[in-house]
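# Analysis of the macromolecular model
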Amino acid sequence: LSGTPTLLDVLGKPFMGAHIQWSRFIVFTTVIFVVADTLHNVMAVVETRLIVSALFIPSVVFAVRKVTSVPMRDYFGAMWRPFTAAGIMALTIWSLNLALPFHGALRLVLDVAAGAAAYIVSVMGLWLLSGRPRSAEQDILTLLRHASARMAALRLSAQAAD
């Protein structure tokens, strides 16, 4: 959702981007105040933010689709792997929370590490199972290869200087 206004600005549709942002802000602010005032629960506010953001995804996809003519199948093709990996990540963290009784900073670190590992392994595994399509996963692997090659070159030049 965050990149949509910039994209719409570049495509000459700043009004559309502003309309989406202001609509989301008004709905989010109104709902959050009602939830916070009614429930007095921080987790309810967090969950409400997630729900409101998720509800705006279709409108953003349709707005961008309208100005770019990108077919819906391309959106689904790009989104199913990260959505599935996010579900696997959530299931991993939920299972971990059921299995381990402790709380606090150590639990947070463990949840973050397990969640990140589950997401990365899942999204990369799904990408491989999909036949390695041209996508963000491929771009990230290319960046990692370039960074690794640069680090190796730096190590070699440091060793040669010694």
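Below is a short write-up of the structure. (Residues numbered from 1 in each chain as written. Predicted model: local features only at pLDDT ≥ 70, side-chain atom pairs only at ≥ 80, totals over all residues. Heavy atoms only, no water.)

## Side note on helix α2 (residues 14-39)
Across its 26 residues, α2 extends 37 Å between first and last C-alpha, which sits within 8% of the 38 Å expected from 1.5 Å per residue. Met16, Gly17, Ile20, Ile32 and Val35 are the residues of α2 that are buried. Backbone geometry just downstream of α2 places His40 in the positive-phi region, at approximately 50°. (Helix = DSSP H or I, 4+ residues; strand = E, 2+ residues; numbered from the N terminus. Expected span 1.5 Å × (residues − 1). Buried < 20%, exposed > 50% of the residue type's maximum accessible area, 1.4 Å probe, protein only.)

## Focus on unusual backbone geometry
The backbone of His40 sits at a positive phi, close to 50°, despite the residue not being glycine. By the element assignment, His40 lies in the loop between α2 and α3 (42-68). Despite not being glycine, Ser69 has its phi angle at roughly 65°, a positive value.

## So, the pattern of salt bridges
Summed over all chains, the structure comprises three salt bridges. Glu137 is paired through a salt bridge with Arg81; the nearest N and O atoms lie 3.2 Å apart. Separated by 56 residues along the polypeptide, Glu137 in helix α6 (residues 136-161) and Arg81 in helix α4 (residues 72-99) bring together distant segments of the chain. By relative accessible area, Glu137 is classed as buried at 7%. Two residues, Asp139 and Arg134, come together in a salt bridge whose shortest N-O distance is 3.6 Å. Under the relative-accessibility criterion, Asp139 is labelled partly exposed at 38%. On the basis of relative accessibility, which here comes to 70%, the residue Arg134 falls in the exposed class. (Salt bridge = Lys/Arg side-chain N within 4 Å of Asp/Glu carboxyl O.)

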